[in-house]
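Summary of the model geometry
In case you want the letters, here they are:
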Amino acid sequence: MSYSPFSRRIIPLAWVATFLLAAILLVLTLTPQDLPGSGVGRDKIYHMIGFGSLAFPLCLAYPHRSVAVVIGVIAFGGTIELVQPYVGREGEWADLLADALGAVLAGALAVTLVRAGRRWWPRSA
């Protein structure tokens, strides 16, 4: 598969962003935290934003592999939920659901943006 000049520029940035975001999510989700006033709803929104942000760059760079990216992000979230009880946190199914929802929505948004871009700015031969 040949990539456009735009894709060739965005792919390395997508990988860097993904690794940085994964590191940030690991720190935020695996360190014990006692945040006052962090309600249940707010926590789930943070999960959706965090894992959606993790999925978005690679889904934008590789729209044809977005399903695999989303599955990988959900597996990453599931692994975190399994590890949390060993580091003084509680793993929750609701957190994993919020992770999955954020990843799916971000993947769909990225694919939609790529398709819209192709429609408005078709590749020249």
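Residues numbered from 1 in each chain as written. Predicted model: local features only at pLDDT ≥ 70, side-chain atom pairs only at ≥ 80, totals over all residues. Heavy atoms only, no water.

1. Focus on a nonpolar patch on the surface
There is a patch of nonpolar side chains on the surface, built from I45, Y46 and I49 and spanning about 320 Å² of accessible area. Tracing the chain through its elements places Y46 in helix 2 (residues 40-61). (Patch = residues over 30% accessible without salt bridge, like charges linked within 9 Å, V, L, I, M, F, W, Y side chains within 5 Å. Areas by Shrake-Rupley, 256 points an atom, 1.4 Å probe, with all protein chains shown as cover. Salt bridge = Lys/Arg side-chain N within 4 Å of Asp/Glu carboxyl O. Helix = DSSP H or I, 4+ residues; strand = E, 2+ residues; numbered from the N terminus.)

2. Concerning the environment of G78
Relative to the elements of secondary structure, G78 occurs in helix 3 (residues 66-83). With a relative accessible area of 16%, G78 lands in the buried category. As for G78 and W93, which are separated by 15 residues in sequence, their C-alpha atoms are 8.7 Å apart. (Buried < 20%, exposed > 50% of the residue type's maximum accessible area, 1.4 Å probe, protein only.)

3. Focus on the nonpolar core
Within the largest apolar cluster, 19 residues are counted, with the highest numbers of intra-cluster contacts made by F51, L54, A61 and V73. Those elements that place two or more of their residues in this core are helix 1 (5-30), helix 2, helix 3 and helix 4 (93-120). Here this core takes six residues from helix 2, the largest share from any one element. Beyond its immediate chain neighbours, meaning those up to four positions away, F51 contacts L25, V73, F76, G77, I80, D99, G102 and A103. (Core = buried A, V, L, I, M, F, W, Y, C linked by side-chain atoms within 4.5 Å. Contact = heavy atoms within 4.5 Å.)

4. Some thoughts on the packing of helix 3 against helix 4
The interhelical angle for the contact between helix 3 and helix 4, taken along N-to-C directions, is 160 degrees, at an axis separation of 9 Å. Classed by the angle they form, the pair helix 3 and helix 4 counts as roughly antiparallel. Viewed along their axes, helix 3 and helix 4 form a crossing whose handedness is right-handed. Only D95, L96, D99, A100, A103, V104, G107 and V111 of helix 4 make contact with helix 3, whose side of the interface consists of S66, V70, V73, I74, G77, G78 and E81. Residue classes in the contact of helix 3 with helix 4 are distributed as eight nonpolar, four polar and three charged. (Axes fitted to C-alpha atoms, helices over the stretch in contact; angles between N-to-C directions. Parallel < 35°, antiparallel > 145°, perpendicular 65-115°, else oblique. Left-handed = near helix turned anticlockwise from the far one by under 90°. Nonpolar A, V, L, I, M, F, W, Y, C, P; charged D, E, K, R; others polar.)

5. Focus: the environment of L82
Relative to the elements of secondary structure, L82 occurs in helix 3. Since its relative accessible area comes to 63%, L82 is described here as exposed. For the pair formed by L82 and E92, sequence separation is 10 residues and the distance between their alpha carbons is 8.8 Å.

6. Considerations on the side chain of H47
If you trace the backbone, H47 turns up in helix 2. Exposure remark for H47: the relative accessible area of 7% places this residue in the buried category. For H47, the residues in contact, after removing those within four places along its chain, are G52, E81, D95, A98 and D99.

7. Points about the packing of aromatic side chains
As enumerated under the stated definition, the model contains three aromatic pairs in all. Arranged with centres 6.2 Å apart and planes meeting at 50 degrees, the rings of F51 and F76 form a pair that is tilted. Taken together, the residues F51 in helix 2 and F76 in helix 3 connect sequence positions 25 residues apart. The exposure class of F51 is buried, given its relative accessible area of 1%. Among the aromatic residues, those joined into a ring-pair cluster are W15, F19 and Y62. (Phe/Tyr/Trp six-rings, centres within 6.5 Å; stacked < 30°, edge-to-face > 60°.)

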